[in-house]
Amino acid sequence: MSFKILLKKDWKQVSILWMLLVVLSVIVFTVPAWTQLEDFNREIENIRANPSSFEGVPLDASNLPDRWFFESGDSVGMLYNGLMSLIPMGMVIFLYVVFGLLMASVLIGGERNSQMSDFSMSLPFTRTQLYISKWLIGASGFVVATLLGGPLLMAIIHLSDFSFLIQPKDLEVSIMILFMMLTGISVFSISLWMGSFGGESISQALWSFVALLFPIGIVTLIEGSLYTFERFVDVSYSLTQMWMESIPLRVISPLANVFNIDTYDIFRSNRLWEDFVTVAPLSALASIVISFGLGLWAFNRAPQENNGRFFMFSNWLWLVHLIMVLTFGMLGGIMLSVVTFSPNIPLYIIGFVLGGFIAHLLAKRLLYRFNLKLKS
Amino acid sequence: MLYKIDMKSAEPLYEQIVNQTKALVIRGILRPGDKVMSVRELATDLVINPNTVSKAYQELERLGLLEMHRGRGTFVSEDWIDQDSPRAPVLEAIKKLAIDCHYANIELNEALTLFETEYKKVGENHADSTATE
Amino acid sequence: MLTVQQLSKTIDRQQVLQDIDFTVNSGEIIALVGRNGAGKTTLLRTMVGIIRPDKGDVRYGPSSIFEKAELKRDVIFVPDSADALKHYTINEAAALYESIYPSFNRSVFRETLTRYNIDNKKIRQLSKGQKAMVTLSLAFAVQAKYYLLDEPTDGLDVVAKSDVLKLMIAQVEARNCSIIVSSHQLHELERIADRIIMIEKGRVKAVMSLDEARETSVKLQVVFNDQVPVELLERKDIEVINVTGRVALFMAKERTKELETFVDAHDPMLIEEIPMSLEDIFRVQLGGEASVF
């Protein structure tokens, strides 16, 4: 009985974004596919009209079935990529990331900005109940958006002249679409977790970016730094490469899964597909579970009196400060040291110190000042 | 409107209410059988704590000045005799008044005449209300 | 019965609350007074479970509010601005309260709206006085047992202030609920508070009724035969209000026999005790050097 009221309250806050997500999602799932199908028609017409301009195309191209144009090797250009080019993965993921961050920001950061956060905490509900309600409202948006957009997409392809592209691959496409939904939920879930790291909406958004990109970025930075010291360290294998494909990363950072998809061959190569279907959906799910758990824990523990601060757990400010200095240092070092052709250690060190110093100043400004008036 | 609360006075609020109620009855503004304001009404009217009013009413009930009738309200008693009217503070006030008169250059005759008039006036009202039994 | 037990909280290495300890009975109006920054709002927020203390507890009846969230059905905190629900219309807010609090009385709430002539608008569009009336009426319509009000009359005009106070008084009388009010309006508080809790730098300085406070401290006007003795003015335990000619007006935190003999020893012509207002008590207990921050 009473939990429903939490859902209603959170719904009121986020309803416009939620509905916008669903509407835009339907558009993003269908319109690009639609235009792509039109493009297929045009391209095939074009090839049929000028068979001699295309390598590997026989002169009686007008008698060839449409299907042929998708199955005869790279020479026929973009059509090779057939099915996958109909699936707007990049756009959907981008949309989901944006709305994931926005909804999470409204649900937690926005509350912390106003006294709504205090109001929520004074209600006869536990913090766990409050968090679950927010999570459900946000996640449901992605579920509905995908359940509407996905089938529509598949229907459009089925009903087109090119339904042969999808027919044997219905299951695979469904899994791919499901994966996109899980990624969206995962990004939202992580951003909601960051709502208890950042004490208001802007810092929450910043922390969300950090959470999404840090796992990937930090290894790149480390490897880049190691590269500078090549003389002393053996970097013949690429750390970043290994890390990017590793399962731990794909669980920690939902975007890593996306980057790992070979959009060119995924529906053609059994090996690639196997790799995808065994790792991606499960790691996305694992990511959801972990970020939900961590987010719930952080929401419970975050001290309300720190609303408005850049980072809510003041005991750990020193760690954030340290990591900022190190990462900016590495970034600075790498940037300077690549000025010369071969890795230059002195330049790296100078860059490191400069970067670290800037980070230090930035940290002092961000971490240790109060954004909202502290009332006592 | 009948009561004047003086926050600056040394007298506790509830005592002021008790004494002012007594004065109102003596002066005939409140008559036996009259219904007085409820605790809530008086507290909100004066914007003071209802417990204070409650305490005053309880004291007035103890003195026999007010009677509470369940469901109907609080009324001025039909028969009341002021038994423990404190003499000492009144006598003190008279002493203070003597000093004030000196400072205000009020002659003894003038003061005495005025006092006599007022005393008799109140006494008539009081006599009237006790005489109607 | 509400009990605050040994409540302590440190924020940013500053001890905002230190061993706060007091009880509130039903039907009581308690005033919470202290200088700005003394910890009053933090205390109220902790009492409703928004902030978790480092040490100590807040109990409603036998249970701790930090362990049983359902207890919050009977405790309402009203902050000093209607920020939380500003995007709600009055009706939406009422519907929200109704679904959260089973004891919410819709008709009582409507009655207040009609009496004060407030239409259904978005809360942020109301005037300051109307906002205060609406937020308080919503709170009181819940018919809770405990109310924690943070500066309810702050910034209101005379009429609105009076309406707010009368609403509070009527509620306490009708339902025997308890109200803890944090306010700077001492002249209001001294009329309506049963007891006063004075907070200084996060500590409870004193818990007493106005009458009790008047018994503890004293305000004297002394006319001396000769000039006002310097030793009197130099005393650390008194606060001098005014010295004119041979007359000294001052307050002492504690009325002691020692002070009495001291004054007597300096040849006073006239000693008059002046009743202290809450403002006087506040000044003598909580005023003084190095207290402004």
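About the thresholds
- Residues numbered from 1 in each chain as written.
- Chains lettered and ligands numbered in written order.
- Predicted model: local features only at pLDDT ≥ 70, side-chain atom pairs only at ≥ 80, totals over all residues.
- Helix = DSSP H or I, 4+ residues; strand = E, 2+ residues; numbered from the N terminus.
- Buried ≥ 20, exposed ≤ 12 C-beta atoms within 10 Å, placed from the backbone.
- Contact = placed C-beta atoms within 7 Å.
- Expected span 1.5 Å × (residues − 1).
- Nonpolar A, V, L, I, M, F, W, Y, C, P; charged D, E, K, R; others polar.
- Core = buried A, V, L, I, M, F, W, Y, C linked by C-beta atoms within 7 Å.
- Pairing = 2+ DSSP bridges.
- Axes fitted to C-alpha atoms, helices over the stretch in contact; angles between N-to-C directions.
- Domains from an automatic or database assignment.
- Parallel < 35°, antiparallel > 145°, perpendicular 65-115°, else oblique.
- Left-handed = near helix turned anticlockwise from the far one by under 90°.
- pLDDT = per-residue confidence, 0-100.

Novice: An account of the overall build of chain C is requested, with residue identities and associated values reported.
Specialist: Each helix and strand counted, chain C has 10 helices and 14 strands in total. Across its three principal directions, the C-alpha atoms of chain C cover 70 × 45 × 35 Å. Expressed as a percentage of its 293 residues, the buried residues of chain C come to 44%. In chain C, the proportion of contacts linking residues at least 24 apart, taken out of those at least 6 apart, comes to 71%.

Novice: Mind laying out helix α7 (residues 170–194) of chain A, listing which residues take part and the relevant values?
Specialist: For α7(A), with 25 residues, the first-to-last C-alpha span of 36 Å sits near the 36 Å given by 1.5 Å per residue. With 19 of 25 residues buried, α7(A) is to be regarded as a mostly interior element.

Novice: Summarise the interface of chain C and chain A; cite the residues concerned and give the values.
Specialist: Of the residues lining the interface, 25 residues belong to chain C; the matching set on chain A comes to 17 residues. Of all elements in the fold, only α1 (40–47) and α2 (90–100) of chain C reach the threshold of two or more residues within the side of chain C that touches chain A. At four residues, the largest contribution of residues to the side of chain C that touches chain A is made by α1(C). In terms of residue class, the side of chain C that touches chain A is built from 12 nonpolar, seven polar and six charged.

Novice: Run through the nonpolar core, naming residues and quoting values.
Specialist: In this structure, A31(C), V75(C), V142(C), Y147(C), L148(C), I179(C) and I196(C) are the most contacted members of the largest nonpolar core, which totals 106 residues. Sorting elements by how many residues they give to this core places helix α4 (residues 128–141) of chain C first, with eight residues. Contact partners of I179(C), with chain neighbours within four places excluded, come to I29(C), Y147(C), L149(C), M168(C) and V172(C). In terms of nonpolar packing, the next biggest core, distinct from the first, is built from 73 residues, V22(A), V97(A), A280(A) and F311(A) among them.

Novice: So what's going on with the sheet that holds strand β1 (residues 2–11) of chain C? Which residues, and what values?
Specialist: Strand pairing in a sheet is mediated by backbone hydrogen bonds. Such pairs are either parallel or antiparallel. Residues and elements named next belong to chain C. In spatial order, the strands read β2-β1-β4-β5; together these four strands make up an open sheet with antiparallel pairing. The outermost strands of the open sheet, each flanked by one partner alone, are β2 (14–24) and β5 (63–64). Across five bridges, β1 lies against strand β4 (residues 55–60) in antiparallel orientation. The residue of β4 that forms the bridge with L2 is Y60. Each of β1, β2 and β4 touches α1; the most contacted strand, β2, lies at about 60° to it.

Novice: Outline the interface of chain C and chain B, supporting the account with residue identities and numerical values.
Specialist: Opposite the 18 residues of chain C that make contact, chain B presents 14 residues. Grouping the amino acids of the side of chain C that touches chain B by side-chain chemistry returns nine nonpolar, three polar and six charged.

Novice: I'd like a description of the domain arrangement of chain C, backed by residues and values.
Specialist: One frequent convention defines the size of an interface as the accessible area lost when the parts assemble. Domain annotation for chain C reports domain 1 (2–212) and domain 2 (218–275). Summarising the inter-unit geometry, the C-alpha centres of domain 1 of chain C and domain 2 of chain C are found 40 Å apart.

Novice: Give a detailed account of the packing of helix α6 (residues 127–159) of chain A against helix α12 (residues 270–301) of chain A, specifying residues and quantitative values.
Specialist: All names here are of chain A. Across the interface, α6 lies against α12 with an axial gap of 9 Å and an inter-helix angle of 135°. Considering the angle they form, α6 stands oblique to α12. The handedness of the crossing between α6 and α12 comes out as right-handed. Contacts between α6 and α12 involve R127, T128, Y131 and W135 from the former and F292, G295, L296, F299 and N300 from the latter. Split into classes, the residues belonging to the contact of α6 with α12 amount to five nonpolar, three polar and one charged.

Novice: Let's hear about the environment of F250(C): which residues, and what values?
Specialist: All names here are of chain C. By the element assignment, F250 lies in strand β13 (residues 247–252). Between the C-alpha atoms of F250 and V222, which are 28 residues apart in sequence, the distance is 8.5 Å. With sequence-adjacent residues up to four places away left out, F250 is seen in contact with L220, I238, E239, V240 and I241.

Novice: Explain the arrangement of the chains to me, using residue names and the numbers behind them.
Specialist: The highest contact count of any of the two pairs of chains in contact belongs to chains A and C. At the C-alpha level, the nearest point of chain A lies 27 Å from chain B, with no contact between them.

Novice: Lay out the environment of D57(C) in plain terms, naming residues and giving numbers.
Specialist: All names here are of chain C. Position of D57 relative to the elements: it lies in strand β4. C-alpha separation for the pair D57 and T46, spaced 11 residues apart in sequence, amounts to 9.2 Å. Setting aside anything within four residues of it in sequence, one finds D57 in contact with Q5 and S64.

Novice: Before we move on, could you go through the confidence of the model for chain A and cite the residues and values that matter?
Specialist: Summarising the model, chain A shows a mean pLDDT of 86, and 93% of its residues fall at 70 or more. When the criterion is pLDDT under 50, residues 371–376 of chain A qualifies, and its contacts beyond four places in sequence or with other chains add up to 14 contacts.

Novice: Break down helix α3 (residues 50–62) of chain B for me, citing the residues and quoting the values.
Specialist: An α-helix turns once every 3.6 residues. As a result, residues three or four positions apart point the same way. Here α3(B) spans 18 Å end to end across 13 residues, near enough to the 18 Å set by a 1.5 Å rise per residue. For α3(B), the set of buried residues is P50(B), N51(B), T52(B), V53(B), A56(B), Y57(B) and L60(B). Looking at the buried residues of α3(B), the elements they touch are α1 (13–26), α2 (39–46), β2 (66–69) and β3 (73–76) of chain B together with α5 (158–175) of chain C. Positive phi appears at G64(B), one or two residues downstream of α3(B), with a value of about 85°.

Novice: Give me the packing of α1(B) against α3(B): which residues, what numbers.
Specialist: A pair of packed helices can be characterised by two numbers: the angle between their axes and the separation between those axes. Residues and elements named next belong to chain B. Relative orientation of the contacting elements α1 and α3 amounts to 45°, with a least axis distance of 8 Å. The pairing of α1 with α3 is recorded here as oblique in orientation. Crossing of α1 over α3 shows right-handed handedness. Contact with α1, carried on its side by L13, Y14, I17, V18 and T21, involves T52, V53, K55, A56, E59 and L60 of α3 and no other residues of that element.

Novice: I'd like to hear about the sheet that holds strand β10 (residues 203–208) of chain C, residue by residue, with values.
Specialist: Residue and element names in this part refer to chain C. Within the open sheet, the six strands sit side by side as β6-β7-β8-β3-β9-β10. Their pairing is mixed. Looking along the sheet, the strands with just one partner apiece sit at the ends: β6 (75–78) and β10. Sheet twist, expressed as the average angle between the axes of neighbouring strands with direction ignored, equals 15°. Together, β3 (29–34), β9 (195–200) and β10 form the strand contacts of helix α10 (residues 278–286), whose direction differs from that of β9 by roughly 30°.

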